[in-house]
Each structure stands twice: as C-alpha cells, then as structure tokens.
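Listed below are the residues making up each chain.
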Amino acid sequence: DWFDQTKRTIKVQKVEHLSQPESNSFWGFYPGLKPKNKFTGGAIIFNGWVISKQSPSKQIVISYEDKILDTIPVNQLRPGLMKKYPELPEDLKCGFLSSISLLGIPNLAELLVEVVLEDGSKIALSKVYLQVDS
C-alpha cells in the first residue's frame, strides 16, 4: 500500500549523460544525482545546474516512460560555479532544486532528465537508473 511505499529505499545505480556536459551546446551541467545516492520516503531530490550556450535554461523536465513526473524551474543562483566560469555573469540563475515523488514506480526504473531552453528547444541531458528496495 501507499504507506509501505514511503518506507522503500531508492538507490541511484547509474547516471548516463545523453549530452556532453562541456560541448558546443553547454558550458556544463550536473543533474544533481550520482551513483550510490540513496533516498527514503518515496522521493528523490534533484539539486543540480545547467548552463546552455545557445539560449538560457528555463526548466528541467523529469519523466518516466513518457510521463512527466515534474518540471523544475532553473532559477537558483550557484555562486561557486561562477569561479569555474568567470566569463559568465555572477547573477546567472542556472540551478534547480526539487523533491520528486516516486511512489508507484517499479523496483527498477529509468528517469529521463531534459532541459527546456527559453527559445523553446528541449535537450535530453541524462538518464538516471534507479533501484527501489522494499
């Protein structure tokens, strides 16, 4: 039942980049999850960043099997990143943060992480492979 699902442990097994973090399209990105991350309570936390070269990043879309689980605004400051990218404005909002419920997903799941840019284009960033233990 629902209460039992909140007790399950969610483990990140693998994060596969579908775009190159540093490329012609991106200064860089980090989906906010890495292998071995563990979460309880039926939810996981995405706390990452993305800096696009072609158009400002508007939102992150997290989906499972073509179903959108959440859209996260890219509206957080990440001052530490500006040391790595001094050519970018210090007040650039490139971070995102959200807790996403995964109640009802199977024991093995694959999430797709995409960025929507202000020009309307959508780019797949990563696939996140999860294992859910009862």
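Starting from 1, residues in each chain are numbered consecutively following that chain's sequence as written. Thresholds applied to this predicted model are a pLDDT of at least 70 for local features of residues and 80 or more for the giving and counting of side-chain atom pairs; totals over whole chains, interfaces and linings are not thresholded and use all residues. The side-chain figures draw on all heavy atoms in the structure; neither hydrogens nor water molecules are used.

(A) Main features of the layout of surface pockets. A pocket, in this scheme, is an open set of points on a 1 Å grid over the protein atoms alone with protein on both sides within 12 Å along at least 5 of 7 lines, while a cavity is a set where a 1.4 Å probe fits but cannot get out; residues line either one if an atom lies within 4 Å of a point. Grid points are joined across faces, edges and corners, and a volume is the space filled by probe spheres set on the points. One number sums up the size of the largest pocket: a volume of about 170 Å³. Along its surface, the largest pocket is lined by Val61, Ser63, Tyr64, Glu65, Asp66, Ile68, Glu110, Leu111, Leu112, Glu114, Lys122 and Lys127. At the level of secondary structure, the elements contributing two or more residues to the lining of the largest pocket comprise strand S5 (57–64), strand S9 (108–117) and strand S10 (122–133). Counting from the N terminus, the helices are the DSSP runs of H or I reaching at least four residues and the strands are the DSSP runs of E reaching at least two. Sort the elements by how many residues they give to the lining of the largest pocket and S9 lands first, with four residues. Residue type decides the class: Asp, Glu, Lys and Arg count as charged, Ala, Val, Leu, Ile, Met, Phe, Trp, Tyr, Cys and Pro as nonpolar, and the leftover types, Gly among them, as polar. Looking at side-chain class alone, the lining of the largest pocket contains five nonpolar, one polar and six charged residues.

(B) Spatial organisation of the side chain of arginine 8. Along the chain, arginine 8 turns up in the loop between helix H1 (2–6) and strand S1 (9–17). Aspartate 133 provides the closest opposite charge to the buried, unpaired arginine 8, separated from it by 8.7 Å. For this analysis, a polar contact is any N or O atom pair within 3.5 Å, provided that within protein one partner can donate a hydrogen and the other can accept it, and provided that sequence-adjacent residues contribute only side-chain to side-chain pairs. Within the structure, the side chain of arginine 8 is placed 3.1 Å from the backbone oxygen of isoleucine 105, a separation counted as a polar contact. Beyond its immediate stretch of four places on either side in the chain, arginine 8 contacts Phe39, Thr40, Gly41, Gly42, Leu102, Gly104, Ile105, Asn107, Val132, Asp133 and Ser134. Categorising residues by exposure relies on relative accessible area from a 1.4 Å probe, with only protein chains included: less than 20% of the type maximum marks a residue as buried, more than 50% marks it as exposed, and the intermediate range marks it as partly exposed. In this charge count, Lys and Arg are treated as positive and Asp and Glu as negative; neither His nor the chain ends contribute. For this document, the term salt bridge refers to a Lys or Arg side-chain nitrogen within 4 Å of an Asp or Glu carboxyl oxygen. Throughout, a residue-residue contact means that at least one pair of heavy atoms, one from each residue, lies within 4.5 Å.

(C) Spatial organisation of the pairing of S1. Following DSSP output, two strands are said to pair if at least two bridges run between them. As paired strands, S1 and strand S3 (residues 38–40) are joined by three bridges and run antiparallel to one another. When the sheet's bridge partners are listed, threonine 9 is paired in S3 with threonine 40. Alignment of S1 against S10, held across eight bridges, turns out to be antiparallel. Bridge pairing in S10 links valine 15 to valine 128.

(D) Geometry of the pattern of salt bridges. This model, assessed by the stated rule, comprises three salt bridges. Taking the shortest distance from any N to any O, the salt bridge between lysine 122 and glutamate 114 comes out at 3.9 Å. By relative accessible area, which is 14% here, glutamate 114 ends up buried.

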